Amino acid sequence: HTSSTAGGSPVSLTRFLLEEQRAGHVSADLRLLIEVVARACKTISIAVGKGALGGVLGDAGTPGVASMNIEGEAQKKLDVIANDVLLEANAWGGHLAGLASEEMDHSQPIPDVYPRGNYLLLFDPLDGSSNIDVNISVGTIFSVLRCPDGVTTPGDEHFLQPGTAQVAAGYCTYGPSTMLVLTVGHGTHAFTLDREVGSFVLTTRGMTIPEETKEFAVNMSNQRFWEAPMQRYVGDLLTGKEGPRGKDFNMRWVASMVADVHRILTRGGIFSYPLDSKCRDKGGKLRLMYEANPMSFLVEQAGGAATTGRMRMLEVQPTGLHMRVPVFLGSRREVEAATAYHLEHD
Ligand code: AHM
Ligand code: MG
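Residues numbered from 1 in each chain as written. Chains lettered and ligands numbered in written order. Predicted model: local features only at pLDDT ≥ 70, side-chain atom pairs only at ≥ 80, totals over all residues.

Could you give an account of the overall build of the protein chain, with specific residues and numbers?
Within the protein chain one finds 8 helices and 19 strands. Relative to the globule expectation of 20 Å for 346 residues, the C-alpha radius of gyration of the protein chain, 20 Å, shows essentially globular dimensions. For the C-alpha atoms alone, the extent of the protein chain along its principal axes is close to 60 × 55 × 45 Å. Classification of the 346 residues of the protein chain by burial places 46% in the buried group. (Helix = DSSP H or I, 4+ residues; strand = E, 2+ residues; numbered from the N terminus. Rg over C-alpha atoms; globule rule 2.2 N^0.38 Å. Buried ≥ 20, exposed ≤ 12 C-beta atoms within 10 Å, placed from the backbone.)

Here you go:
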């Protein structure tokens, strides 16, 4: 890790982004867009942090009639609040052409009353929201694409670009501390919210995921629903030192992707949400465009790897805004091992 301070003084997100702009890594518009997303994350962090005192826990909708998102999942009040914060913050900035969210059936072009820019923003406003009511970390995940040339009013089809086309991606984790983890394609960097000052401060420049790991993350209760190669892969992990992998593994599962990925970016590991017979028809549980792709971009930029078990995640051609995929990401050698079990089986 290189130093996160310049000449001893802390580097704010604002300063970091200005320096990235001077280095030719981001345009002025992209810099401002990331600043707006970061500001929205601060607002969401305040709402999440109030917990039961803010009257924001529980399901959205009127009592007894939970409101649902497009996939028929019950929305939490904070899902709706976080979505509104991100929509409102980004509508008038002038750097976006359109937005898409896990919580909205279709993308939205920026309203005509505001100037339109060249970028498309996708987000999961509050991932892992089943954890909110039990005071466990949740997070916001986002991905930025370019709006195709000549398109002024983008529709869903203009968002369907592979992950390699992302120009920026990140997440904000609302845990014991609030952290923003960001890539613009030149490494993965972590910022911690200084709550007194109200600004994100660079705390790790150039996160690096160890190549090898002895820690895996998966929802083991789905074991009997997995495909044969996944059964075999995890079976081999569980036999430990005596088995073909020759080492003992530890397991972690927060059930909040942002928290699980943050742990992996910090100390290594493999995260997987494989195909199972319950989610087979849907293609997986996690969403490609605003969960798997931004996380895969961050992980690759930190020296890790990300696949569907069969191919590099970032090369998947999306077929729908809410497309789902199996996910394997983290320590490079371990992701390669898990992927090999699948490819050898096919
Ligand atoms: P969500 O977008 O509805 O919150 O679902 C995504 C979450 C991930 O954060 C987490 O990795 C996964 O779902 C947990 O799934 P499970 O409850 O099956 O373990
Ligand atoms: Mg989600």
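Could you give an account of the confidence of the model for the protein chain, naming the residues involved and the relevant values?
Scored by pLDDT, the protein chain has a mean of 93; 95% of the residues are at 70 or more. Model confidence for the complex is summarised by a pTM of 0.94, with the ipTM given as 0.97. (pLDDT = per-residue confidence, 0-100.)

Which residues make up the site of ligand 1, and what are the values?
Neighbouring residues of ligand 1: 10 residues in total, closest Asp127, Gly128, Asn219, Ala255 and Met257. Classifying every residue of the shell around ligand 1 by side-chain character gives 3 nonpolar, 4 polar and 3 charged. (Near = placed C-beta within 6 Å. Nonpolar A, V, L, I, M, F, W, Y, C, P; charged D, E, K, R; others polar.)

Hey, could you go over helix H1 (residues 13-22) for me, with residue numbers and the actual values?
Every buried residue of H1 is listed here: Leu13, Phe16, Leu17 and Glu20. Looking straight down H1, one finds its buried side chains confined to an arc of 95 degrees; they lie on one side. Check the buried side of H1 and you find it contacts helix H2 (28-50), strand E10 (178-183), strand E11 (188-194) and strand E12 (199-204). (Arc of directions from axis to C-beta. Contact = placed C-beta atoms within 7 Å.)

Give me the lowdown on helix H8 (residues 332-345), citing residues and values where you can.
With 14 residues, H8 should reach 20 Å at 1.5 Å per residue; the first-to-last C-alpha distance of 20 Å fits that figure. Along H8, the residues that are buried comprise Arg332, Glu334, Val335, Ala338, Thr339, Tyr341 and His342. Residues of H8 that are buried make contact with helix H5 (228-238), strand E15 (270-273), strand E17 (305-307) and strand E19 (327-330). (Expected span 1.5 Å × (residues − 1).)

Please provide a residue-by-residue account of the nonpolar core, values included.
Counting 95 residues, the largest nonpolar core has Leu33, Tyr119, Leu121, Leu122, Val144, Leu180 and Leu329 as its most contacted members. Per-element tally for this core: the top contributor is H2, with 10 residues. (Core = buried A, V, L, I, M, F, W, Y, C linked by C-beta atoms within 7 Å.)

Can you tell me about the pairing of strand E5 (residues 96-101), naming the residues and giving the values?
Extensive coverage of E5 is indicated by the burial of 6 of its 6 residues. Judged from the 5 bridges that link them, E5 and strand E7 (residues 119-127) form a sheet pairing that is parallel. Bridge pairing in E7 places Ser101 opposite Phe123. Across 2 bridges, E5 lies against strand E6 (residues 108-109) in antiparallel orientation. Paired with Gly98 across the two strands is Pro109, which belongs to E6. From the end of E5 to the start of E6, which pair antiparallel, there are 6 residues. (Pairing = 2+ DSSP bridges.)

Describe the UniProt feature "binding site: Mg(2+) 2" (unreviewed entry) in the protein chain, with residues and values.
Per the UniProt record, the feature "binding site: Mg(2+) 2" (unreviewed entry) sits at Asp124, Asp127 and Glu291. In summary, the annotated positions, though distributed over 168 residues, converge in three dimensions, the widest C-alpha pair being only 8.5 Å. Not counting the four nearest positions on each side in its chain, Asp124 is found in contact with Glu102, Thr140, Ile141, Tyr290 and Glu291. Structurally, Glu291 is set in helix H7 (residues 288-301). Among the residues examined, Glu291 registers 27 C-beta atoms within 10 Å and is labelled buried. For Glu291, the contacting residues outside a window of four places in its chain are Asp124, Asp127, Ile141, Met257 and Leu286. (UniProt positions renumbered as here; feature names shortened; annotations may be inferred.)

Residues and numbers for the packing of H5 against H8, please.
Angle between the axes and distance between the axes: these two values describe a pair of packed helices. Contact geometry for H5 and H8: axes closest at 9 Å, N-to-C directions at 140 degrees. When the interaxial angle is binned, H5 and H8 end up oblique. Read as a crossing pair, H5 and H8 show a hand that is right-handed. Contacts between H5 and H8 involve Ala228, Pro229, Arg232 and Tyr233 on the former and, on the latter, Ala338, Tyr341, His342 and His345. (Axes fitted to C-alpha atoms, helices over the stretch in contact; angles between N-to-C directions. Parallel < 35°, antiparallel > 145°, perpendicular 65-115°, else oblique. Left-handed = near helix turned anticlockwise from the far one by under 90°.)

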